[in-house]
Amino acid sequence: MKITMDAAAQMLRDAQTVVLTSHIRPDGDAIGSTLGLMHVLRAQGKEVRILIDDEIPRIFSILPGVDQIERPIESQRYTADLLVVCDVELGRTGASVSVVDAVHLLNIDHHVTNDEKAEHLCLNPKAAATCEIVYDLVRILGVMPMLDAAVCLYTGMATDTGFFRFSNTTPHTMRAAADLLEIGVKPNIVSAAMEMKSYDEVMAQVRAIRNLEMFFDGRVAAVFIDEERAREVTTTEGLLDELRVIEGTQIVFFMKWLEKDTYRISMRSKGTNVSRIAQKFDGGGHIRAAGCTIHAPFAEARTAILDAIGEELNA
């Protein structure tokens with residue numbers, strides 16, 4: 001059931017014990033929104049914990065409280081007045097939702113592809129990031145984030161907008177970010193941390209780009225990483241940012257081996273609705289940034305994603 005921002009803020013106000021979670025393969029918005037909300041709620045005297053069912057990328061080690069994120073133990077039960085799922089619908093949280101016994105569940109998200117199955121859903125697809133929604137909720141609660149929360153919320157806004165370069169950046173996004181800077185966030189420190197890569201990670205990206213292929217008269221740039229290549233390309237962080245600058249492209253994507261007959265697709269677009277492509281494979285995301293998982297042998301997965309992209313380009 002969709003609810004208003006005021007109703008969502010009231011749920012946060014009423015709960016004394018809260019569990020926060022987000023999606024597997026967490027990004028800046030997933031981690032920033034949960035950590036930011038954790039700091040705000042703890043400052044109000046509430047008991048809060050974060051469960052994320054995946055490894056936390058090391059670039060987020062600068063975020064205050066990141067060491068307090070727990071990985072759920074499937075044999076354990078967690079109880080709370082309120083379970084808050086941030087930046088994703090319920091189905092992509094791994095074991096985090098299934099191990100929590102909560103009186104109520106609140107889903108806070110900005111993805112247009114959210115399946116709207118949550119008990120209570122605070123959804124704003126016009127928001128650049130879930131961190132932007134959390135910022136608005138915090139203001140409705142009548143508080144201004146302290147520095148620790150501000151750093152986390154700013155990071156989510158910055159990473160989901162490509163550091164305010166993408167078309168999802170709005171005047172409200174910029175005003176919210178400015179407020180967080182007023183609190184003391186140092187944007188240069190955040191950006192430096194998010195862009196930091198080890199030598200091995202840089203070389204992995206170089207190896208991936210060497211396999212770049214172009215399709216549909218140069219409108220699509222793609223990198224395919226099969227099982228053998230996945231041993232060398234250990235990270236794809238930042239890969240799409242490198243591909244999207246290619247002149248004439250409308251869609252850039254990579255397809256990476258995860259396990260036997262399972263491939264992860266991540267897409268970026270300069271206008272084409274890639275969320276519709278992702279939904280064909282039970283994925284989701286935004287008009288210009290989306291992802292999905294294809295369960296098929298490499299050749300079939302490659303053909304399937306290219307066919308789906310071709311259909312969307314010609315629609």
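For clarity, every value in this text was computed on a predicted model and none was experimentally measured.

Novice: Got a minute to help me understand the overall build of the protein chain in this structure?
Specialist: When its secondary structure is counted, the protein chain shows 11 helices and 12 strands. Taking 315 residues into account, the globule formula puts the C-alpha radius of gyration at 20 Å, and the protein chain, at 19 Å, falls close to it. For the protein chain, the C-alpha atoms occupy an extent of roughly 55 × 40 × 40 Å along the three principal directions. A burial count over the protein chain gives 51% of its 315 residues as buried. About 14200 Å² of surface is accessible on the protein chain, with carbon and sulfur atoms providing 50% of the total. Distance from the positive charge centre (32 side chains) to the negative charge centre (45 side chains) of the protein chain: 3 Å.

Novice: How should I be thinking about the sheet that holds strand E1 (residues 17-21) in this particular structure?
Specialist: Pairing between the strands of a sheet is mediated by backbone hydrogen bonds and can be parallel or antiparallel. The strand order across the open sheet built from 6 strands is E3-E2-E1-E4-E5-E6, with neighbouring strands paired in parallel fashion. Looking at the sheet topology across the chains shown, the edges are occupied by strand E3 (69-70) and strand E6 (120-123). Summarising the sheet, E1 and strand E2 (residues 47-51) pair through 5 bridges and their orientation is parallel. Among the inter-strand pairings, Thr-21 is bridged to a residue of E2, identified as Leu-51.

Novice: Any chance you could explain a nonpolar patch on the surface here in plain terms?
Specialist: On the surface, Ile-209, Leu-212 and Met-214 cluster together into a nonpolar patch covering about 210 Å² of accessible area. Tracing the chain through its elements places Leu-212 in strand E7 (residues 212-215).

Novice: What is the right way to look at the domain arrangement of the protein chain in this model?
Specialist: Often, the extent of an interface is quoted as the loss of accessible area upon association of its parts. Here the protein chain is partitioned into domain 1 (5-195) and domain 2 (199-313). On a C-alpha basis, the centres of domain 1 and domain 2 stand 26 Å from each other. Between domain 1 and domain 2, the residue contacts involve 12 residues of the former and 13 residues of the latter. Summed over both partners, the interface of domain 1 with domain 2 buries about 920 Å², with 46% contributed by carbon and sulfur atoms.

Novice: It is not clear to me how the state of the cysteines should be interpreted in this structure. Could you clarify?
Specialist: Where two cysteines share a covalent bond between their sulfur atoms, that bond is called a disulfide. Counted by the stated rule, this structure contains 0 disulfides. With no disulfide partner, Cys-122 has as its closest neighbouring cysteine sulfur the one in Cys-86, 10 Å distant. Judged by relative accessible area, which is 2%, Cys-122 ranks as buried. Distance from the sulfur of Cys-131, which forms no disulfide, to the nearest cysteine sulfur (Cys-152) is 7.9 Å.

Novice: Would you mind showing me how to read the packing of aromatic side chains here?
Specialist: What describes a pair of aromatic rings is the distance from one ring centre to the other and the angle between the planes of the rings. Counted by the stated rule, this structure contains 5 aromatic pairs. Taking 5.8 Å as the distance between ring centres and 50° as the angle between the ring planes, the aromatic pair formed by Tyr-154 and Phe-164 counts as tilted. Of the two residues, Tyr-154 is situated in helix H4 (residues 147-160) and Phe-164 in the loop between H4 and helix H5 (171-183); the sequence distance between them amounts to 10 residues. Grouped by ring-pair contacts, the aromatic residues Phe-215, Phe-224, Phe-253, Tyr-263 and Phe-298 constitute a single cluster. Just above the ring of Phe-224 sits the side chain of Arg-302; from NZ or CZ to the centre is 4.3 Å.

Novice: Looking at this model, I keep getting lost on the side chain of Ser-22. Mind explaining?
Specialist: Note on placement: Ser-22 falls in the loop between E1 and helix H2 (28-43). Within the structure, the side chain of Ser-22 is placed 2.7 Å from the backbone oxygen of Cys-86, a separation counted as a polar contact. Those residues in contact with Ser-22 that lie beyond four places of it in its chain are Ala-30, Thr-34, Leu-51, Ile-52, Cys-86, Asp-87, Val-88, Arg-92 and Thr-93.

Novice: Looking at this structure, I do not really get the UniProt feature "domain: DHHA1" (unreviewed entry) in the protein chain. What am I missing?
Specialist: Using the residue numbers shown here, the UniProt feature "domain: DHHA1" (unreviewed entry) corresponds to residues 236-313. In residues 236-313, helix accounts for 35% and strand for 33%; the two terminal C-alpha atoms are 25 Å from one another.

Novice: Mind showing me how you'd approach the pattern of salt bridges here?
Specialist: Two side chains that carry opposite charge are able to pair once their charged atoms sit near each other. A complete count under the given rule lists 11 salt bridges for this structure. The salt bridge partner of Arg-71 is Glu-55, with a shortest N-O separation of 3.1 Å. Of this pair, Arg-71 sits in the loop between E3 and strand E4 (78-86) while Glu-55 sits in the loop between E2 and E3; the two residues are 16 residues apart in sequence, bridging distant segments of the chain. Sharing partners across several salt bridges, the network here consists of Asp-53, Glu-55 and Arg-71.

Novice: Could you clarify how one ought to interpret the UniProt feature "domain: DDH" (unreviewed entry) in the protein chain in this entry?
Specialist: UniProt records the feature "domain: DDH" (unreviewed entry) at residues 18-156, using the numbering of this structure. With 27% helix and 24% strand, the stretch residues 18-156 has end C-alpha atoms that lie 21 Å from each other.

Novice: It is not clear to me how the pairing of strand E10 (residues 262-269) should be interpreted in this structure. Could you clarify?
Specialist: In summary, the side chains of a regular strand alternate between the two faces of the sheet. The element E10 is extensively covered by neighbouring structure, given that 7 of its 8 residues are classed as buried. Pairing between strand E9 (residues 251-259) and E10: 8 bridges, direction antiparallel. Across the sheet, residue Lys-256 finds its bridge partner in E10, namely Arg-264. Counting the residues that bridge the hairpin from E9 to E10 gives 2 residues, and of these Asp-261 lies at a positive phi of roughly 55°. Across 7 bridges, the pairing between E10 and strand E12 (residues 289-295) is antiparallel. Bridge pairing links Tyr-263 to Ile-294 in E12.

Analysis parameters
- Residues numbered from 1 in each chain as written.
- Predicted model: local features only at pLDDT ≥ 70, side-chain atom pairs only at ≥ 80, totals over all residues.
- Heavy atoms only, no water.
- Helix = DSSP H or I, 4+ residues; strand = E, 2+ residues; numbered from the N terminus.
- Rg over C-alpha atoms; globule rule 2.2 N^0.38 Å.
- Buried < 20%, exposed > 50% of the residue type's maximum accessible area, 1.4 Å probe, protein only.
- Areas by Shrake-Rupley, 256 points an atom, 1.4 Å probe, with all protein chains shown as cover.
- Lys, Arg positive; Asp, Glu negative; His and termini not counted.
- Charge placed at Lys NZ, Arg CZ, Asp CG, Glu CD.
- Pairing = 2+ DSSP bridges.
- Patch = residues over 30% accessible without salt bridge, like charges linked within 9 Å, V, L, I, M, F, W, Y side chains within 5 Å.
- Salt bridge = Lys/Arg side-chain N within 4 Å of Asp/Glu carboxyl O.
- Domains from an automatic or database assignment.
- Contact = heavy atoms within 4.5 Å.
- Buried area = accessible area lost by both parts, 1.4 Å probe.
- Disulfide = S-S within 2.5 Å.
- Phe/Tyr/Trp six-rings, centres within 6.5 Å; stacked < 30°, edge-to-face > 60°.
- Lys NZ or Arg CZ within 6 Å of the ring centre and 35° of its normal.
- Polar contact = N/O pair within 3.5 Å; in protein donor to acceptor, adjacent residues only side chain to side chain.
- UniProt positions renumbered as here; feature names shortened; annotations may be inferred.

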